[in-house]
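# Fold and geometry: a report
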Amino acid sequence: MLNTVYRLVAPRTIVPVVVSQDTAGKVVVRPTHLSICNADQRYYQGIRSKEVLDEKLPMALIHEGIGRVVSDDSGTFKPGDNVVMLPNAPVEKDDYVAENYLRSSKFCGSGFDGFMQESMVLPPERVVLLPQGATSEVAAFTELVSVAMHAISRFDAIAHGRRDRIGVWGDGNMGYIVSLLLRLRHPDSKVVVFGRNALKLNDFTFVDETHLVGDVAGVQLVDHAFECAGGEGSVAAIEQIIDLINPEGTVSLLGVSENNVPISTRMVLEKGLRLFGSSRSGRKDFEDTVELYRERPEVLDYLSALVCSVNEAAQIADISRAFEDDIHKPMGKTVIKWNM
Ligand SMILES: NC(=O)C1=CN([C@@H]2O[C@H](COP(=O)(O)OP(=O)(O)OC[C@H]3O[C@@H](n4cnc5c(N)ncnc54)[C@H](OP(=O)(O)O)[C@@H]3O)[C@@H](O)[C@H]2O)C=CC1
Ligand SMILES: O=C(CO)[C@H](O)[C@H](O)COP(=O)(O)O
Ligand SMILES: [Zn+2]
């Protein structure tokens, strides 16, 4: 099959390339709704180092997206099925290391072509059926929800059992989704969010407390914490977490930083903290996320608060405009209605 792939060849420069792809045993999915992640912006704007850009470009961006099945040579899906596409492609199995941590796995939009393609040709294991009625604009960023699901599952396995107060640092998309899933998964815990923007914190209607990071005097310590700030914000967030967490607490790190983050290891030692990182997600996390949409459809309503804009893309200029608009958005996710 001939397929057009829209690759970033240099910062802010996207070109179409026609490639031939083998569809034997594969599902052909026409992307319908894509969503931009901060990781895409780091490539689009050329924020990554020259070495990384030289190594990874040209590459089609985007690893958050859904689509409609066109054909399936494996017989797993029917034409017309609405599905979420999984960006992680493991090439081996390990008894201890999850698929998203295996160094051999291929991740769409990070070294391998992402979803900015006319059609995606995927093995059936990299496709999950969406429930009927799942709002497309929200389902578009299911991958981000699955990352939060993954981090919370790891937290559940690692953190000690006193979970009276769980702190979440970051008032953006990741902070919102982690807080929402914590609320559902740990209804008896108090979810306490720390952010930099009063306006964004107003949207966290389902949590117990919100605090501006500059105004934490008298705030009760938390038992465990999630860092969802990323970028330069990670430095201050991790410093404050170490200050405001009880001894033997667990800190889940989710924010991606371009530069190394200095950490007060003295206090990590003195408090006996456990810091663990989580990156990306695996098939089980996608299945759990879709199951959550099915069982608790109100989650989709809460997530819809994150849809900042839906931009239709029918030509390359539209894709560039969506990326440029995303840079200046006040909050939330930029969704692209993909008509390429
Ligand atoms: N681990 C993984 O697999 C994944 C990681 N990420 C990463 O997670 C991070 C967050 O992503 P996302 O939520 O979409 O980004 P957003 O920009 O939407 O959110 C980050 C938020 O954190 C706020 N912030 C900055 N500094 C602090 C601080 N010290 N304390 C509390 N809040 C702070 C920012 O405020 P302000 O805007 O005012 O600076 C902003 O509102 C990014 O680094 C992203 O790359 C994303 C997807 C998956
Ligand atoms: O967004 C993400 C997953 O959803 C991760 O941040 C992303 O995979 C990191 O990749 P890269 O090394 O290319 O920045
Ligand atoms: Zn991402």
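What comes next is a walk through the structure. (Residues numbered from 1 in each chain as written. Chains lettered and ligands numbered in written order. Predicted model: local features only at pLDDT ≥ 70, side-chain atom pairs only at ≥ 80, totals over all residues. Heavy atoms only, no water.)

## A closer look at the pattern of salt bridges
This is how it is decided: The rule for a salt bridge is simple: a side-chain nitrogen of Lys or Arg has to be within 4 Å of a carboxyl oxygen of Asp or Glu. Throughout, exposure labels follow a simple rule: accessible area from a 1.4 Å probe, protein chains only, divided by the maximum for the residue type, with under 20% read as buried, over 50% as exposed, and the rest as partly exposed.
The tally for this structure, following the rule as stated, stands at 18 salt bridges. Lys329 is the partner of Asp326 in a salt bridge, and the nearest nitrogen-oxygen pair spans 3.3 Å. On the basis of relative accessible area, Asp326 is assigned to the buried category, the value being 3%. Among the residues examined, Lys329 registers a relative accessible area of 23% and is labelled partly exposed. Salt bridges here are not isolated pairs; linked through shared partners, they connect Arg42, Arg48 and Glu258.

## A word on the sheet that holds strand 4 (residues 59-60)
Short version of the rule: At least two bridges found by DSSP between two strands is the condition for calling them paired. In DSSP terms, a helix is any run of H or I states spanning at least four residues, a strand is any run of E spanning at least two, and both are numbered starting from the N terminus. It only takes one pair of heavy atoms within 4.5 Å for two residues to be counted as in contact. Every axis in this analysis is a line fitted to C-alpha atoms, fitted for helices over the stretch in contact. Angles between the N-to-C directions lie between 0 and 180 degrees.
Strand order in the open sheet made by the 3 strands is 2-1-4, with antiparallel pairing throughout. Strand pairing shows two members of the sheet lacking a second neighbour, strand 2 (13-20) and strand 4, which therefore form its edges. Sheet topology places strand 1 (residues 2-10) next to strand 2; 8 bridges connect them, and they run antiparallel. Its bridge partner lying in strand 2, Val5 is registered against Val17. Where helix 11 (residues 316-327) meets the sheet, its contacts fall on strand 1 and strand 2, and the angle it forms with strand 2 comes to roughly 130 degrees.

## Here's the deal with the side chain of Ser278
When you line up the elements, Ser278 lands in the loop between strand 16 (274-277) and helix 9 (283-295). Taking the relative accessible area as the measure of exposure, Ser278 reaches 7% and is therefore buried. Discounting residues that sit within four places of it in the chain, Ser278 has contacts with Tyr101, His150, Ala151, Arg154, Leu253 and Leu254.

## Points about the packing of helix 4 (residues 142-158) against helix 5 (residues 173-185)
Keep this limit in mind: Relative orientations are named as follows: roughly parallel for angles under 35 degrees, roughly antiparallel for angles over 145 degrees, roughly perpendicular for angles from 65 to 115 degrees, and oblique for any other angle. Whether a crossing is left-handed or right-handed is set by the direction in which the near helix is turned from the far one by less than a right angle, anticlockwise for left-handed and clockwise for right-handed. All residues other than Ala, Val, Leu, Ile, Met, Phe, Trp, Tyr, Cys, Pro, Asp, Glu, Lys and Arg, Gly among them, are scored as polar; the first ten of these are nonpolar and the last four charged.
Running from amino to carboxyl end, helix 4 crosses helix 5 at an angle of 50 degrees, the nearest separation of the two axes being 9 Å. In terms of orientation, helix 4 lies oblique with respect to helix 5. Note on packing geometry: the crossing formed by helix 4 with helix 5 is right-handed. Counted together, Leu144, Val145, Val147, Ala148, Met149, Ile152, Ser153 and Asp156 of helix 4 and Asn173, Met174, Ile177, Val178, Leu181, Leu182 and Arg185 of helix 5 form the full contact between these two elements. Its residues assigned to classes, the contact of helix 4 with helix 5 comprises 11 nonpolar, 2 polar and 2 charged.

## Comments concerning the site of ligand 1
The condition is simple: Whether a residue is near a molecule or strand is decided by its heavy atoms; if any one of them lies within 4 Å of it, the residue is near. In protein, a polar contact requires one atom able to donate a hydrogen and another able to accept it; more generally it is a pair of N or O atoms within 3.5 Å, and residues adjacent in sequence count only if both atoms are side-chain atoms. What sets the accessible areas is the Shrake-Rupley method with a 1.4 Å probe; for residues, cover comes only from the shown protein chains.
Around ligand 1 sit 29 residues, and of these Asp171, Met174, Lys200, Leu254 and Arg280 come closest. Between Asn38 and ligand 1, the recorded distance is 3.1 Å, taken from a side-chain N or O atom to an oxygen atom. Contacts to ligand 1 include Arg280, whose backbone N or O atom sits 2.8 Å from an oxygen atom. Burial of ligand 1 by the protein amounts to 84% of the accessible area it has alone, namely 920 Å². Every element with two or more residues in the shell around ligand 1 is listed here: helix 1 (38-44), helix 4, helix 5, strand 12 (190-195) and helix 7 (233-244). With 3 residues, the single largest contributor to the shell around ligand 1 is helix 7.

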